[in-house]
Amino acid sequence: MIDLHFSPEVQAALQAKAPIVALESTIITHGMPFPQNMETARLVEQDIRDCGAVPATIAVMDGRLHIGLTDTQLAGLAQAGNVQKLSRADLALCLSSGGTGATTVAATMIAAKAAGIRVFATGGIGGVHRGADQSFDISADLQELAETEVIVVGAGAKAILDLPKTWEVLETLGVPVIAYGQDNLPAFWSSSSAHKAPLRLDSPEQIAAAYAMRKALGLKGGHLICNPIPKADEIPETEINPIIRQALSDAEAQGIRGKEVTPFLLSRIYDLTKGRSLTANIVLVRNNARLAAGIAQALSAA
Ligand code: PSU
Ligand code: MN
């Protein structure tokens, strides 16, 4: 087994069998600008503590897989340039070569499972990109949800994606896509969408029970909990959609490809909304962290 480097806080929580919530680091290094990325990472960690669980932000630093970062490490990562973006394909090589990288949803799930952490909060997962029929650009996050038994709490998939195709692929892969507290799927910055959710649950206890039952059935793979952004803070689909289309055509014009696509679009949408997309993104990540803390507690109590 690989050596895991636990922060003192996470080490103590594991020993005490206290509820723990994993957090990804790509959102810090590639998803938000400095200093909001650092402020958000700290707020999200504190939200989880305030809800009675322990945060474990996951990242690779100098070839070590860290489960939980100290505040100094977190601040360092938020300001570092040239941090790699690590998905399933990149994780082992970064570790074996002594590199430093931030983990995506896929890589964070792998690390969380290795550490025995069952729930993970993020903004929104990656998925099928618009124009995927030409580009074949489908995030490894989807395959990871089919493989790795971690509950991922997000505000759905990022709305820059082709959401209907993303939901179809998850259905094909046998991933439970569960809307929290409503009948339709949220769309990241927007609290609702026209897409009916395949499954719905209304409490952390129900989610913990579904997780336990899937395990009892011997099914591999995770759960995706789609938690809507609070209505007061949303950007309605009618407002954000033209902006997403503009950002996509800018990406096309500039020949942005592969791993750069998601960070480029998020930063372009930030500019086009004059920062409003980031404000909403921060609200929804914090909202997801609080729900994940509740789920972690329900899992510990079960
Ligand atoms: N959610 C956010 N901001 C982000 C991401 C998710 O609110 O930056 C990151 C996640 O790490 C996700 C990744 O796994 O984007 C997806 O990238 P790709 O499409 O290249 O797989
Ligand atoms: Mn991709």
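Provided above is the structure to which this section pertains.
Residues numbered from 1 in each chain as written. Chains lettered and ligands numbered in written order. Predicted model: local features only at pLDDT ≥ 70, side-chain atom pairs only at ≥ 80, totals over all residues. Heavy atoms only, no water.

Right, let's talk about the packing of helix α11 (residues 237-253) against helix α12 (residues 261-272) for a bit. The geometry of α11 relative to α12 is characterised by a closest axis approach of 9 Å and an angle of 125 degrees between their N-to-C directions. On the basis of the axis angle, α11 is oblique to α12. α11 and α12 meet at a crossing whose hand is right-handed. Contacts between α11 and α12 involve I240, I243, I244, Q246, A247, L248, D250 and A251 from the former and F264, L265, R268, I269 and L272 from the latter. By residue class, the composition of the contact of α11 with α12 is 10 nonpolar, 1 polar and 2 charged. (Axes fitted to C-alpha atoms, helices over the stretch in contact; angles between N-to-C directions. Helix = DSSP H or I, 4+ residues; strand = E, 2+ residues; numbered from the N terminus. Parallel < 35°, antiparallel > 145°, perpendicular 65-115°, else oblique. Left-handed = near helix turned anticlockwise from the far one by under 90°. Contact = heavy atoms within 4.5 Å. Nonpolar A, V, L, I, M, F, W, Y, C, P; charged D, E, K, R; others polar.)

Attention now goes to helix α3 (residues 36-50). Compared with the 21 Å implied by 1.5 Å per residue over 15 residues, the 20 Å span of α3 between its first and last C-alpha is a close match. Where α3 is concerned, the buried positions are N37, M38, T40, A41, V44, E45, D47 and I48. Packing partners of the buried residues in α3 comprise β2 (20-23), α2 (26-31), β3 (54-61), α4 (71-79) and α13 (276-301). (Expected span 1.5 Å × (residues − 1). Buried < 20%, exposed > 50% of the residue type's maximum accessible area, 1.4 Å probe, protein only.)

In the structure shown here, the tally under the stated rule is 1 aromatic pair. Plain terms: the ring middles of F188 and W189 are 4.8 Å apart, the flat faces sit at 80 degrees to each other, and that makes the pair edge-to-face. An identical accessibility class is assigned to F188 and W189; each is buried. (Phe/Tyr/Trp six-rings, centres within 6.5 Å; stacked < 30°, edge-to-face > 60°.)

Near ligand 1 there are 17 residues, and of these E24, K85, S139, D141 and K158 occur at the shortest range. At 3.4 Å, a side-chain N or O of H129 approaches an oxygen atom of ligand 1. For ligand 1, an oxygen atom lies 2.7 Å from a polar atom in the side chain of S139. Among the elements that line the shell around ligand 1, the one with the most residues is α2, at 3 residues. Across the shell around ligand 1, the residue classes tally to 4 nonpolar, 9 polar and 4 charged. (Near = heavy atom within 4 Å. Polar contact = N/O pair within 3.5 Å; in protein donor to acceptor, adjacent residues only side chain to side chain.)

A few words now on the pattern of salt bridges. Tallied over the full model, the rule gives 15 salt bridges. Where D71 meets R42, a salt bridge forms, and the shortest distance between an N and an O atom there is 2.9 Å. One end of the pair, D71, is in helix α4; the other, R42, is in helix α3, with 29 residues separating them in the sequence. With a shortest N-O distance of 3.9 Å, E234 and K231 are connected by a salt bridge. (Salt bridge = Lys/Arg side-chain N within 4 Å of Asp/Glu carboxyl O.)

A cluster of nonpolar side chains, namely M213, L217 and L219, defines an oily patch on the protein surface of about 330 Å² accessible area. Residue classification places L219 among the partly exposed positions, given a relative accessible area of 42%. (Patch = residues over 30% accessible without salt bridge, like charges linked within 9 Å, V, L, I, M, F, W, Y side chains within 5 Å. Areas by Shrake-Rupley, 256 points an atom, 1.4 Å probe, with all protein chains shown as cover.)

So, on to the side chain of D162. Here D162 shows up in the loop between β8 (151-154) and α9 (163-172). A distance of 2.8 Å separates a polar atom in the side chain of D162 from a polar atom in the side chain of K165. Discounting chain neighbours no more than four positions away, the residues touching D162 are V128, H129 and R130.

Burial of the side chains of β8 extends over both faces: I151 and V153 are buried on one face and V152 and G154 on the other. Pairing of strand β7 (residues 119-121) with β8 involves 3 bridges; the strand directions are parallel. Bridged to F120 within β8 is V152. Looking at chain direction, β8 and strand β11 (residues 223-226) are connected through 4 bridges and run parallel. Among the inter-strand pairings, I151 is bridged to a residue of β11, identified as H223. (Pairing = 2+ DSSP bridges.)

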